[in-house]
Amino acid sequence: MFTVADIRDIAIQIERNGEEAYRRAAAMASDPDLAEIFTWMADEEKRHAEWFESIQSHQPLTDEQVELEKMGRQLLQEMVSDQTFSLERERLQQSRDLADMLDQSKTFEQDTILFYEFLQNMIDDREARGQLDAIIAEERRHYEQLGEIQSSGSNGCANLALA
């Protein structure tokens, strides 16, 4: 139902949306430590989008698959074009402390993982499933990194080099 290109394009859009939300929050943060965390998160989302952009499909498509791909891509792009899942821009920008920001960021990452896992059930192509598995693994690592920062308490910003 979905091709590697469809999945790649959805992932890129989700990551760009997250990057935008985190950059806005960094610009509005009054606490330098929070601004640093938001900037790190935005950079991570950007890095993810760049990685997803490098994913290529080596499987040739039939004419029918090309048409279905166009329709599916347009539909899915409309669904996720402004979606940051549970990452509420206003709430993120108004975070008063590191714990609240990290909770929201972890929830966003978890929601992204769940969305990608949902897509897995719609993919018949082995190559596409493998690519999506790699995307999910990257998001899980991101979630774990946030947890490590969270558990380090006031030294959270010192652990930004976890990538």
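Our subject is the structure listed above.
Residues numbered from 1 in each chain as written. Predicted model: local features only at pLDDT ≥ 70, side-chain atom pairs only at ≥ 80, totals over all residues. Heavy atoms only, no water.

Student: Tell me about the overall build of the protein chain, and please be specific about residues and values.
Tutor: Counting its regular elements, the protein chain contains 6 helices and 0 strands. The order of α-helices and β-strands along the protein chain, N terminus first, is α-α-α-α-α-α. Going through the 163 residues of the protein chain one by one, you find that 45% of them count as buried. The long-range share in the protein chain, meaning contacts at least 24 apart out of those at least 6 apart in sequence, stands at 75%. Of the roughly 8600 Å² that the protein chain leaves accessible, carbon and sulfur atoms contribute 48%. (Helix = DSSP H or I, 4+ residues; strand = E, 2+ residues; numbered from the N terminus. Buried < 20%, exposed > 50% of the residue type's maximum accessible area, 1.4 Å probe, protein only. Contact = heavy atoms within 4.5 Å. Areas by Shrake-Rupley, 256 points an atom, 1.4 Å probe, with all protein chains shown as cover.)

Student: Please set out the environment of D9 residue by residue, giving values where relevant.
Tutor: Here D9 is to be found in helix α1 (residues 4–28). Its relative accessible area of 17% is what places D9 among the buried residues. With 43 residues separating them in the primary sequence, D9 and F52 have C-alpha atoms 8.0 Å apart.

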